[in-house]
Amino acid sequence: LTENTSQDGLVLVLEALQFVVPDGIVETFDPSRDFTTVLPDGTQIFIPANAASVTEGTKEVRLLAEPIASGLSRNVNEKPLDYGYSIELTDADGKEIGHSFNKDVRISIAYDDGDLERADAKKDDLAVSFFSADKGAWENASATIVEGRIHAKVDHFSQWAATAPGAIPSTN
C-alpha cells in the first residue's frame, strides 16, 4: 500500500492471543523498608530499603506496573516474548520519582515451555530487558535463569520485558 491508496483481494487473518495479559497493579510502600510484591502473572519485584531516590523522611511511594502487549518494539536482536510492563515509582501526589535507584532492584519473571515455543527460543537465550528510547532497542539487564524464572538486577524502572533473540512477535 505504499504506492496505492487501496488494495483489493487481500485476506486479513486475526488470531486470538496465545497468552493472557494480566492486570496492572498500584501499591504503596515505605521506601525506607524492603518491599516485595508479586504481580498477577507471578512476576516479582523486590525494592531494597533506601533504593528509591526520595527526600529524607519520605514515608510513602507508589509502585505502578502496567502490562503492555501491543506497540512493543521488536527488532532483529531482541523481541519481547509476549508482553512487558511499564513500571514506575511516584510520590504520594503522583509525581514520578527519579528513574535511577541508589541500589539494584530485582525483577523476577516466570516463563514456561509455552513461552519458549512461541518465541522459538531456548531458556539460555532469555533475558530481562528494558527498552532504550535513545538507542531504539532493547538492552539486557544482568540476569540469571533458575528453575523457570529469569532474575534480573535493574538500576531503573521503565518498560521491561522478558526477551529472546529472534522471538516471533505475538502482537503488534
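See above for the structure.
Here's a quick rundown of the structure.

What counts as what
- Residues numbered from 1 in each chain as written.
- Predicted model: local features only at pLDDT ≥ 70, side-chain atom pairs only at ≥ 80, totals over all residues.
- Heavy atoms only, no water.
- Helix = DSSP H or I, 4+ residues; strand = E, 2+ residues; numbered from the N terminus.
- Buried < 20%, exposed > 50% of the residue type's maximum accessible area, 1.4 Å probe, protein only.
- Contact = heavy atoms within 4.5 Å.
- Areas by Shrake-Rupley, 256 points an atom, 1.4 Å probe, with all protein chains shown as cover.
- Phe/Tyr/Trp six-rings, centres within 6.5 Å; stacked < 30°, edge-to-face > 60°.
- Pairing = 2+ DSSP bridges.
- Axes fitted to C-alpha atoms, helices over the stretch in contact; angles between N-to-C directions.
- Core = buried A, V, L, I, M, F, W, Y, C linked by side-chain atoms within 4.5 Å.
- Salt bridge = Lys/Arg side-chain N within 4 Å of Asp/Glu carboxyl O.

## Concerning the overall build of the protein
The secondary structure content of the protein amounts to one helix and eleven strands. Mapped in sequence order, the helices and strands of the protein form the string β-β-β-β-β-β-α-β-β-β-β-β. Looking at the protein residue by residue over its 172 residues, the buried ones come to 41%. Sequence-distant contacts in the protein: of pairs separated by 6 or more residues, those separated by 24 or more amount to 67%. As presented, the protein carries roughly 10,100 Å² of accessible surface, and 46% of it is formed by carbon and sulfur atoms.

## Description of the side chain of Thr 90
Note that Thr 90 resides in strand β5 (residues 79–91). Using a relative accessible area of 4% as the deciding quantity, one classes Thr 90 as buried. The contacts of Thr 90, once residues within four sequence positions are left out, are Val 61, Arg 62, Leu 64, Lys 95, Glu 96 and Ile 97.

## Considerations on the packing of aromatic side chains
Within this structure, the stated rule accounts for five aromatic pairs. Pairing Phe 29 with Phe 35 gives two aromatic rings, centres 4.1 Å apart and planes at 10°, and the pair type is stacked. Relative accessible area serves as the criterion here: at 7%, Phe 29 is assigned to the buried category. Phe 35 sits in the buried class, given a relative accessible area of 9%.

## A few points about the sheet that holds strand β8 (residues 137–140)
Taken in spatial order, the six strands of this open sheet run β1-β4-β5-β11-β7-β8, and their pairing is antiparallel. Looking at strand neighbours, the two that pair on one side only are β1 (25–29) and β8, the edges of this open sheet. Neighbour to neighbour, the strand axes of the sheet diverge by 30° on average, direction disregarded. Examined bridge by bridge, β5 and strand β11 (residues 159–164) share five bridges and lie antiparallel to one another. Counterpart to Gly 84 in the pairing with β11 is Ala 161.

## Some details on unusual backbone geometry
Keep in mind that most residues, glycine aside, have a negative phi and that most peptide bonds are trans. A positive phi angle, near 65°, is found at Asn 50, a position not held by glycine. When you line up the elements, Asn 50 lands in the loop between β3 (44–47) and β4 (61–68). For Glu 147, which is not glycine, the phi dihedral falls at a positive 45°. Judged by relative accessible area, Glu 147 falls into the exposed class, the value being 80%.

## Remarks on the nonpolar core
Grouped together as the largest cluster of nonpolar side chains are 38 residues, with contacts concentrated most on Ile 47, Leu 63, Ile 87, Leu 89, Phe 157 and Trp 160. Looking at this core, the element that brings in the most residues is β5, giving five residues.

## Details of the pattern of salt bridges
Note that side chains of opposite charge can pair when their charged atoms are close. Taken as a whole, this structure holds four salt bridges when the rule is applied. Its salt-bridge partner being Asp 115, residue Arg 118 comes within 2.5 Å of it at the nearest N-O pair. You can see Arg 118 and its partner Asp 115 sitting in helix α1 (residues 113–119), three residues apart, about one turn around the helix. Taking relative accessible area as the criterion, Arg 118 reaches 16% and is therefore assigned buried.

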